[in-house]
Amino acid sequence: MKIASENIFVKSKGNALTSDGFADYVDANNIKEFYIAGADAIACVKSTCYNMAKNGYTVHVL
């Protein structure tokens, strides 16, 4: 695997926004739109998309 960025965030719950580092990065960089992909569409992907949309982000699922 080639690391393309130093922006690596760890999460321990289904919703990606529960990662403080990720949430802070999103806010600091004024990111408003996301393209989401993942291995478990009925758990992590669903939770992340639901919570992002609930918080006003534009979300696309690949």
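Residues numbered from 1 in each chain as written. Predicted model: local features only at pLDDT ≥ 70, side-chain atom pairs only at ≥ 80, totals over all residues. Heavy atoms only, no water.

Enquirer: In this structure, what is going on with the overall build of the protein? I would like to understand it.
Expert: A count of helical and extended segments in the protein gives 2 helices and 2 strands. Beginning at the N terminus, the succession of helices and strands in the protein can be written as α-β-α-β. Since a compact globule built from 62 residues should have a radius of gyration of about 11 Å, the 12 Å found for the protein is in line with a globular shape. Dimensions of the protein, computed from the C-alpha atoms along their principal axes, are close to 30 × 25 × 20 Å. Residues classed as buried in the protein amount to 24% of the 62 residues present. Counting only contacts in the protein whose residues sit at least 6 apart along the sequence, the fraction spanning at least 24 positions is 53%. Accessible area of the protein: about 4,800 Å², with a carbon and sulfur share of 54%. (Helix = DSSP H or I, 4+ residues; strand = E, 2+ residues; numbered from the N terminus. Rg over C-alpha atoms; globule rule 2.2 N^0.38 Å. Buried < 20%, exposed > 50% of the residue type's maximum accessible area, 1.4 Å probe, protein only. Contact = heavy atoms within 4.5 Å. Areas by Shrake-Rupley, 256 points an atom, 1.4 Å probe, with all protein chains shown as cover.)

Enquirer: I keep staring at the pairing of strand β2 (residues 58–61) and nothing clicks. Help me out?
Expert: Within a regular strand, the side chains alternate between the two sheet faces. Taken together, the 4 bridges between strand β1 (residues 33–36) and β2 define a ladder with parallel strand orientation. Bridge pairing links E33 to T58 in β2. (Pairing = 2+ DSSP bridges.)

Enquirer: Help me understand helix α2 (residues 41–54), please; the structure alone is not making it clear to me.
Expert: Among the residues of α2, V45, T48, C49, N51 and M52 are the ones counted as buried. Buried residues along α2 sit in contact with α1 (20–28), β1 and β2.

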